[in-house]
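Each chain, letter by letter, is given below.
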Amino acid sequence: MGIDGEKLRDIGFIGTGIMGKSMAGHLIDAGFTLHLFNRTPDKAADLIARGAIWHPDVASLAGVCDAVITIVGYPVDVRQVYLGETGLIANARPGAILIDMTTSNPSLARLIADTARPRGIHTLDAPVSGGDTGARDGTLAIMVGGEAETFHRAMPLFAALGKMVRLLGGAGAGQHAKMVNQIVIAGTIMGVAEGMAYARRCGLDAEAVLEVIGTGAAGGAQLRAQAPKMLGGDFAPGFYIHHFLKDMGIALEEAQAMGLELPSLALSKSRYEELAALGYGSDGTQALLRLYEDDPGV
Ligand code: NAP
C-alpha cells in the first residue's frame, strides 16, 4: 500500500471526460491500478475494458486509494466530489493524496486543503494546460499548488501525464497560475480569430497566410491549434466555450478582488457570452470565428 512515504499503487480517477479519459489511460499504461468513478458511467467504459476498476460512488473509491485525481467540470462539481459526508475528504484513507486537476477557484483549493489537513489527508491543486491534444499525448503543462513533500510523492503520477510540472506555491497557487494561462489565451484567441477573419475578408488565401505567419512572430500554440480548425469550419469541442467562460469568470473575480483591471479579458468574456447566447456554448473555443461571419451558424 502506498500510504505516506511508500510507493503509490492504487490510484482513483474521477472525471473521464475529454481530458480525463486520456489522462486515466496514461496511468493504466504506467502500471498503476486504476479505480474509476464518473457521473456518466458510459464514459468510463473504454477504460474499464482496459482493466480499470469501476466504483459506484466517490466514497467507495476513496476508501481503497493511495491517491485520487479529479478532473471534473466546474467548482460546484469539485465541491460535490470533495466536501460533505459522501465526498473524498470524509472517505479517503489518512495519508492519501487528493489531486484536483479541474480548473477551479483558488479559494476552493485552499478550503479543500484546510478541510483535509486535520484528517491527515494531503491535497494538491494541479490544473493543466495543453488541451485535449496535450492530454492525449501525455504532454500537459501542470501547475501545482500545495506542500513540497506531497508534490514530490505525487511526481510519478504527474510524470505519466505531462512534460512540464512545477510547484508554484501553497494551496491555490496552481489555480492562480492557470488563471494567468487563461488570461493570456483569452487575448490570444481573439487575435487569432480576427486575423483569420481579416485574411478571408480581404481575399487572401488564408491557409497560405497561416503557413507564413505561423513561422514568424505571430506563431504560437493557439495559432497552430485553433486557426486551421477555424478555417476548416471545425467547431467541435476540444475545450468547451462554457468551460472557458467559467475560467474567465474566475480570473475576473480574482483580479477584481486584487484591484486589478483586465479590460482585454473582460472583452473576450463578453464576446464568448454573445456566442453562448446564440446557442454555441458547447462548441470549442475556436468557434469565436462565427462572430465574424455574416451568418454565425455556418
Ligand atoms: P468534460 O468533457 O465535461 O469532462 C468532465 C467530466 O467530469 C465529465 O465526464 C463529467 O461527467 C464528470 N463530472 C462532472 N461533475 C462530476 C461529479 N460531480 N462527479 C463525477 N463526475 C463528474 O470536460 P473536459 O474538457 O475534460 O474538462 C475538464 C476540466 O478540465 C474543466 O474544468 C476544464 O475547464 C479543464 N480543462 C479542459 C481543457 C480542454 O482542453 N478540454 C484543458 C485544460 C483544462 P458527465 O460525463 O456526466 O458530464
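For clarity, every value in this text was computed on a predicted model and none was experimentally measured. Here the residue index of a chain counts from 1 through its sequence in written order. The model is predicted, so local features are restricted to residues of pLDDT at least 70 and side-chain atom pairs to those at 80 or more, both for listing and for counting; the totals for chains, interfaces and linings are taken over all residues. Calculated side-chain values reflect all of the structure's heavy atoms, with hydrogen atoms and water omitted.

**Some details on the packing of aromatic side chains**
Centres within 6.5 Å are what make two rings of Phe, Tyr or Trp a pair, Trp counting through its six-membered ring; a difference in plane orientation under 30 degrees is then read as stacked, over 60 as edge-to-face, and the rest as tilted. Enumeration according to the criterion identifies four aromatic pairs in this entry. The interplanar angle of 35° and the centroid separation of 6.1 Å between the aromatic rings of phenylalanine 151 and phenylalanine 158 together place this pair among those described as tilted. Judged by its relative accessible area of 6%, phenylalanine 151 falls in the buried class. Plain terms: the ring middles of phenylalanine 244 and tyrosine 272 are 5.2 Å apart, the flat faces sit at 80° to each other, and that makes the pair edge-to-face. With a gap of 28 residues between them, phenylalanine 244 in helix H12 (residues 241–257) and tyrosine 272 in helix H13 (residues 263–280) connect regions that are remote in the sequence. In this pair, the class of phenylalanine 244 matches that of tyrosine 272, namely buried. Chaining the aromatic ring pairs together yields one cluster made of Phe239, Phe244 and Tyr272. Two conditions define a charge located above a ring, namely a distance within 6 Å from the ring centre to NZ of Lys or CZ of Arg, and an angle within 35 degrees of the ring normal. Above the face of the tyrosine 74 ring, lysine 246 is positioned so that its terminal group lies 5.9 Å from the ring centre. Sitting over the face of the ring of tyrosine 280, arginine 290 holds its NZ or CZ atom 4.0 Å from the ring centroid. Relative accessibility decides the category of a residue: with a 1.4 Å probe and only protein chains considered, values under 20% of the type maximum give buried, values over 50% give exposed, and everything between is partly exposed. Each helix is a run of H or I in the DSSP string that is no shorter than four residues. Each strand is a run of E no shorter than two, and both are numbered from the N terminus.

**Digging into helix H11 (residues 221–232)**
Expected helix span is given by 1.5 Å per residue-to-residue step, counting one fewer step than there are residues. Along its 12 residues, H11 runs 17 Å from first to last C-alpha, staying within 8% of the 16 Å computed at 1.5 Å per residue. Gln222, Leu223, Gln226, Ala227, Met230 and Leu231 are the residues of H11 that are buried. The buried residues of H11 occupy an angular sector of 130° when the element is viewed end-on, so they sit on one face. For H11, the exposed residues set more than 90 degrees away from the buried face come down to Arg224 and Gly232. Directions are taken from the helix axis to each C-beta atom, and the arc is the one they span.

**Points about the site of the ligand**
Proximity is defined per residue: if any heavy atom of the residue lies within 4 Å of a molecule or strand, that residue is considered near it. In the vicinity of the ligand lie 28 residues, with Thr40, Lys43, Gly73, Gly238 and Lys246 positioned nearest. Separating an oxygen atom of the ligand from a side-chain N or O atom of threonine 40 is a distance of 2.5 Å. Within the side chain of aspartate 77, an N or O atom sits 3.4 Å from a nitrogen atom of the ligand. Every accessible area reported is derived by Shrake-Rupley at a probe size of 1.4 Å, with residue values counting cover from the shown protein chains alone. Contact with the protein chains hides 93% of the accessible area of the ligand, taken as 880 Å² for the molecule alone. At the level of elements, helix H1 (18–29), helix H4 (75–82), helix H7 (131–137) and H12 are the ones that each hand at least two residues to the shell around the ligand. Of the residues forming the shell around the ligand, the biggest block, three residues, is contributed by H4. For the shell around the ligand, the class distribution of residues is 10 nonpolar, 12 polar and six charged. Domain boundaries shown here were taken from an automatic or database domain assignment. Two domains each put at least three residues into the shell around the ligand: domain 1 (10–169) and domain 2 (176–292). Throughout this description, a polar contact denotes any pair of N or O atoms lying within 3.5 Å of each other; where both atoms belong to protein, one of them has to be capable of donating a hydrogen while the other can accept it, and for residues adjacent in sequence the pair is counted only when both atoms sit in side chains. Each residue gets one label: Ala, Val, Leu, Ile, Met, Phe, Trp, Tyr, Cys and Pro are nonpolar, Asp, Glu, Lys and Arg are charged, and the others, such as Gly, are polar.

**Regarding the pattern of salt bridges**
Take a side-chain nitrogen of Lys or Arg and a carboxyl oxygen of Asp or Glu: if they are within 4 Å of each other, that pair is a salt bridge. Here the structure, examined in full by the defined rule, presents 12 salt bridges. Salt-bridge contacts for aspartate 29 lead to arginine 50; the nearest nitrogen and oxygen are separated by 2.6 Å. With aspartate 29 in helix H1 and arginine 50 in the loop between helix H2 (45–49) and strand S3 (53–54), the pair connects residues that are 21 residues apart, well separated along the chain. Judged by relative accessible area, which is 56%, aspartate 29 ranks as exposed. The partner of aspartate 283 in a salt bridge is arginine 290, with the nearest N and O atoms 2.9 Å apart.

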